[in-house]
Amino acid sequence: MIDEELSAPVLEGGAPVTDQTAQTIEDAGLDDTEPAGVAWSRWNAEPMPALPKMAAVRRAYDAAVNDNGLPEKFAWVLADAVTDPASLRAALHSKRTMPVVGGRFEFIEVDLWTPAVTPMVTNHRAFAERVYPASGSIGAIGPLRGPSSDKGVTSTLRTQARDVSHAVDEAERARTFILGDNPLAESIAERGIMMPVDVVYNEIHHEDGAPPACLLATAEGSSRVTNAHKVLGITDARTVMYDLPADQANFRRMVNAVLAEDPNEMGLTVRAAEKRRGRRNALIVRARVILRFVPTEASDYDYAQAVGGYLGMLHVNGPRPWPTTGKNEAMAESVVRALRHQTAISQTEHDYIAGLMDPESAIRHGFPGDPDAQAAYVIATMLNPTFRPIVSRAIRDVTAAAQASAAAKAEAAAELALRPIRSLASSLPAQDPARRRIEEMQPAYRRACRMRLYATGTWRVTGRSPQELLDDALAELTASAGIPTGTGNYSTRTELAALAQFHLTRSGALRREAFGSGGTTQDKRGPQDILRAMLEDQQGLHLLHQAIVDGRAGRAPGVVDGKGRPVHGRVDDHGVLLTDQNGAEAEITDRWLRDEAFPRHGLSRPMPAPPVSESPEMKLARLKTSVLRALETLEDQVEGLEQHTDEDDTPFIELQGWPTEDLLQRLDDIRSRMSFWNGLASRLARRDRPASRGQ
C-alpha cells in the first residue's frame, strides 16, 4: 500500500517531480506508438514492496539493538534502509557467517532501498584519480583517510575527512570515474541489480567538528550502486551521503514516488514507460549486510584489515579484477596499514609514505622533500628485508596467492612511490604532454623496482647531495674490484639508482622491455637489468648522477662519459651516439643505453643477414659467432634460474632441484667436440708459427 501523504517527491532544490516531467520525450524522432520490448527483471515478475510504516521500522530497530547488540546508529540506518522490516527481524535471528582473514564476518542478506546505500568513498577502482598532498598540487588536501576500525569484535568502520566538502569532493571524484569507467546504468534500468552487493556500516568523521555521517556503504558493489543512483535521477554524491540521511521524510517521499509510478499506466509514451520501469528496477538492491567482525583468538587483525583482505580476494587476483592501479594500490594499502598496525613505522612515517603529507610538511618532519627522494624512501621502506614477513602477509591477505612474490612486493612498492606524481598527472589536462610522460613512465618504473638489490641490500635514503652520492658510489665500485659481482657493499649505489630511476623513467630514457618473443636478437632485459648493469660501471654511475642533477633541474638526462664530462652531439633513432663538439649536449635514450652503453653480451646489434655470395670462410665465422651468442644466452638463462626466488630469497631451483642427466650428457658431447677443435687450433697455430732466430 502506498502512503498517500508521501506521494509528492522532492528532489534537489525543492522542485517536485511530476508526471509531465517523467513523460518528457527527449528524442523527438522516437515512435511513441510501438510497444516496448520488456526484458525480464525481478520487479516485472513480482510486485514491488510497499513503503513500510514507521512503527515497523522502529520494531526492526529495537530488534537490531536489543536482541543483536548492534550500535544504535547502525541499527537505525539499517532499519530505515530495509524494504521489509519484518524480513530484517527474521534475518537477525538466523545470522550467517563467512570466514575471512583474521576471523569471520557475521552477516545477513536482505533487500535495501538503493538511495539508502552509498558507494564506499575509498573505492580502489577509483584510486587512479586520487590527488595526494605529496604531489605538491595547489589545493590538494588529499584523499579521505581510512577505513579504519577498533580492534576486537566491532561493527563500525571509520573514514576521516577534513570537513563535509572534503568528503563530498572525494566521493564525487570517485562517482565521476566509476560512471565513465564502468557504465552499467542501461543494464540496471533494464534488469535491475542482479547480484547482491556487500554492505558495511561506515561512519565519516569530520575534523572540523561536524557530526559524523552514518552510512550503509558498499564494500563491494560500488559501481552497481553508483549506476543505480544515476538511473534514479540522483545526480550527485552529496544527496545520498548527507541530504537524504539527514531528512528521513524526504528520503521516504523519494522512495514512495518511484513506488507510485506505474509503467503500465494507460496513455504513457514508450519512453516514459521505460523510464518508470528503469527507476523501479534500480530502486531496490539485494545486499549482504556485514553486521560485525569477530576475530579469532589471538588474532591481531582488525575489521578494516579483514574487509581489505576480502575485497582483495575478489578484485586483485579474483574473478572481478580492478584496473592495474587499483590492484597494486590494494596491496600497497594493505602493506602500509599492516606496517603501522605492527608499529613497524610511526604514524608520521605512515602519512609520509602514504602520500598524505605535502612536501613542506615532510621537510618539517625531517623527511626528504624532493619527489625522487620521496619515491626512493617508499621503496626502501616497503622492500626493507626486516619488514619482509609483515609485507608478505599483508599482500597475501588481499590476494589469492599462497606466497607473495618478489614481483608483487615490487609492484606494491612502486605504486605507493608513484602516488604523488600520479596525483600530479590527474590534475593536468588529458592531452598535456607532462601528463602523458607521467602515465608512460609508470610501467617502466614498476619494473625498475624489481631490481633485486632494493629488496636484499641494506640501504636507505640518506639525504646526501648528488655529488656526495657519486663520490661515495665510485669509492664503493673501486673497493669492489677483485671480488665477485654481487658481493660487497652496494648501499650507496643502490640509493643512487633509486633516485635516478625516477628521472630516467619519467623522461623516457629508460623504458620497459619490449613485448613478444622478438627472436634471439631482441633485448628482453627489463629496466631493472639495465640499472643493475650501470652499478658495475664507472660511466654508469656518472650517468645515474647526471640523471638526478638534470631531472631535478627539469632537464632530460644527458649523456656523460666515464669521467662525468658532458658529451655533445645526438643519439640517432638506432641508438648510435653521434658526437659533435659544436652541437648540444646529447640526451640519454633507452635504445642507446641498451645497444651501445650497456649492451647485452653478444647481442648489442642484430646479426646482419648472410650475403648472397657468402664464402665458406664467411659462413664459418658467422656460425661460430652464433654459437658464442647461444652460449651467452644459455648463461643468462641459468642466471635467471638462480634469481627466481621465494619470499625468503631462496632460489626455487635450490628448493626443487632439477634432474639434468640428459642435459649434462648433451653438454659433455658438445664440450668434447669443442675440446677437439681447440686442440686442433693449437696444433695448427704451432705449425704456422715462424721459427725463432735462434733456430
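Structure: above.
Residues numbered from 1 in each chain as written. Predicted model: local features only at pLDDT ≥ 70, side-chain atom pairs only at ≥ 80, totals over all residues. Heavy atoms only, no water.

Asks: Account for the pattern of salt bridges, naming residues and giving values.
Replies: In the structure shown here, the tally under the stated rule is 37 salt bridges. For glutamate 106, the salt bridge is made with arginine 104, and the minimal N-O distance between the two is 3.8 Å. Glutamate 106 gets classed as buried once you look at its relative accessible area, which sits at 13%. Its salt-bridge partner being arginine 162, residue glutamate 207 comes within 3.9 Å of it at the nearest N-O pair. Of this pair, glutamate 207 sits in the loop between strand E6 (197-206) and strand E7 (213-220) while arginine 162 sits in the loop between strand E5 (157-161) and helix H6 (164-181), and the two are 45 residues apart along the sequence. (Salt bridge = Lys/Arg side-chain N within 4 Å of Asp/Glu carboxyl O. Buried < 20%, exposed > 50% of the residue type's maximum accessible area, 1.4 Å probe, protein only. Helix = DSSP H or I, 4+ residues; strand = E, 2+ residues; numbered from the N terminus.)

Asks: Would you mind going over the packing of helix H22 (residues 491-507) against helix H24 (residues 538-552) in detail, with residue names and values included?
Replies: To describe two helices that pack against each other, one gives the angle between their axes and the distance between the axes. Where H22 contacts H24, the two axes come as close as 8 Å, and the packing angle between them is 50°. Overall, the two elements H22 and H24 adopt an arrangement that is oblique. In this structure, the crossing between H22 and H24 has a hand that is left-handed. Residues Arg493, Leu496, Ala497, Leu499, Ala500, His503 and Leu504 of H22 form the contact with H24, whose participating residues are Leu541, Leu544, His545, Ala547, Ile548, Gly551 and Arg552. Classifying every residue of the contact of H22 with H24 gives 9 nonpolar, 3 polar and 2 charged. (Axes fitted to C-alpha atoms, helices over the stretch in contact; angles between N-to-C directions. Parallel < 35°, antiparallel > 145°, perpendicular 65-115°, else oblique. Left-handed = near helix turned anticlockwise from the far one by under 90°. Contact = heavy atoms within 4.5 Å. Nonpolar A, V, L, I, M, F, W, Y, C, P; charged D, E, K, R; others polar.)

Asks: Give a detailed account of unusual backbone geometry, specifying residues and quantitative values.
Replies: Peptide bonds are, in most cases, trans, and in most cases residues other than glycine have a negative phi. Cis peptide bonds are those with omega within 30 degrees of zero, and the linkage from glycine 146 to proline 147 qualifies with 5°. As for its position among the elements, proline 147 is in strand E4 (residues 145-148). A positive phi is found at alanine 298, a non-glycine position, where the angle reads about 70°. If you trace the backbone, alanine 298 turns up in the loop between strand E8 (284-295) and helix H12 (303-315).

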